[in-house]
Amino acid sequence: MTLFSKSYNYLVASLVEYAPDSDGKGLDVAALLEEIDSNVSRSDKRHVRMLLARRDIENILTVHAGRHRYFSVAWMNEEEVALVAERYFKGGDVADDMLDLPPYIERVLASYSDPLRAADEEMDTSKNLEHTLWSEYYKNAEASSDPFIRKWSLFERRLRNIVAAFNARREGRDIAEALIGDDEQTQMLASSDSADFGLKGSFDKADELIAILESDNMLEKERKLDMLKWNMVDELTLFNYFDIDAVLGYLVKISTINRWMSLDRETGEKMLKQLIEQLTPSEVVKEAVARD
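So, here is what we can say about the structure in this document. (Residues numbered from 1 in each chain as written. Predicted model: local features only at pLDDT ≥ 70, side-chain atom pairs only at ≥ 80, totals over all residues. Heavy atoms only, no water.)

**Section: the packing of helix H3 (residues 42-64) against helix H8 (residues 147-171)**
A pair of packed helices is characterised by two quantities: the angle between their axes and the separation of those axes. Counted only if it meets this: Axes here mean lines fitted to C-alpha atoms, for a helix over just the part in contact, with angles spanning 0 to 180 degrees between N-to-C directions. In this description a helix means any DSSP run of H or I spanning at least four residues, a strand means any run of E spanning at least two, and both kinds are numbered starting from the N terminus. Here the angle decides the label: under 35 degrees means roughly parallel, over 145 means roughly antiparallel, 65 to 115 means roughly perpendicular, and every other value means oblique. Helix crossings get a hand from a simple test, with the near helix turned counterclockwise from the far one by less than a right angle marking a left-handed crossing and a clockwise turn marking a right-handed one. The contact definition used throughout considers only heavy atoms, calling two residues in contact when any of these lie within 4.5 Å. Under the scheme applied here, ten amino acids are nonpolar (Ala, Val, Leu, Ile, Met, Phe, Trp, Tyr, Cys and Pro), four are charged (Asp, Glu, Lys and Arg), and all others, including Gly, are polar.
At a minimum axis distance of 11 Å, the contact between H3 and H8 shows a crossing angle of 15°. As far as their axial angle goes, H8 and H3 are roughly parallel. In terms of crossing hand, the pair formed by H3 and H8 is left-handed. Listed contacts from H8 to His47, Met50, Leu51 and Arg54 of H3 are Phe148, Ile149, Trp152 and Glu156. The residue inventory of the contact of H3 with H8, partitioned by class, reads five nonpolar, one polar and two charged.

Structure, rendered in structure tokens:
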């Protein structure tokens, strides 16, 4: 991979300009997503969509649970999510051409709403909808042709499983039922009797993660888990200055900031400031653009 692959120099340079406005309303997420969508190639747009599907699934599950919340760093807008809910959760008459779902999400939703479709698709609907949607998402994301999405999704799923295992043990629930995927780590989490689930030596950030999970301060725990993810993004994009993986890593961080703006604005603003400070220095961007 070359240093300036895909010629996203101008796009990355424009990302540097995003910062909270004078009214403290934060980033213009819609404008950011539109700019990225307008500037990336057709093939890379598929990678953007795969990444943003994480929030699509969260938004769909939020509506399914009867809650009113929408994370805007997503592929589908709020109206599109409402149409999905109308068709698959309420049995409404919504035409196919009004929906634009990735095939794996459509298969899951259709199977859970129609037993005959579940049989045709050979879809196991014995687990809850949330578990199956995430299972299908990570299976597809970890098979992506994009290296950032593959590595990030694997890390995110394994981190999610570790947190789920600790919580299930604490609450006396079946650990295996809480895990997503089937690999060496899930088998270890499901069967281990050790206090740390045998993570040391099998998970790079085991000590740091265990210390976080032992905290009783839920807000602080969430913040530190997100910073752990943030740092992993930095590791995965260390040498990706102007290619699609730089854009994808940026989107993960913006998604995290957007979430914290709704949970705890002070934390969100601190993370946004950190993102701006971590972006490629302006003189490097200018030099790369000049070469383009």
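**Focus: the pattern of salt bridges**
The following threshold applies: Here a salt bridge means any side-chain nitrogen of Lys or Arg lying within 4 Å of a carboxyl oxygen belonging to Asp or Glu. Classification of residues uses two cut-offs on accessible area relative to the type maximum, computed with a 1.4 Å probe and protein chains only: under 20% is buried, over 50% is exposed, and between them is partly exposed.
The full count for this structure, using the stated rule, is 19 salt bridges. Salt-bridge contacts for Glu106 lead to Arg117; the nearest nitrogen and oxygen are separated by 2.8 Å. With a gap of 11 residues between them, Glu106 in helix H5 (residues 103-113) and Arg117 in helix H6 (residues 115-121) connect regions that are remote in the sequence. Since its relative accessible area comes to 23%, Arg117 is described here as partly exposed. Its salt-bridge partner being Lys139, residue Glu136 comes within 3.2 Å of it at the nearest N-O pair. Remark: Lys139 and Glu136 occur in helix H7 (residues 129-141); sequence separation between them is three residues, near one turn of the helix. For Lys139, a relative accessible area of 52% translates into the label exposed. One network of salt bridges, in which partners are shared, links Glu106, Arg107, Arg117, Glu121, Glu136 and Lys139.

Without other data, these values stay purely geometric and don't point to any function.
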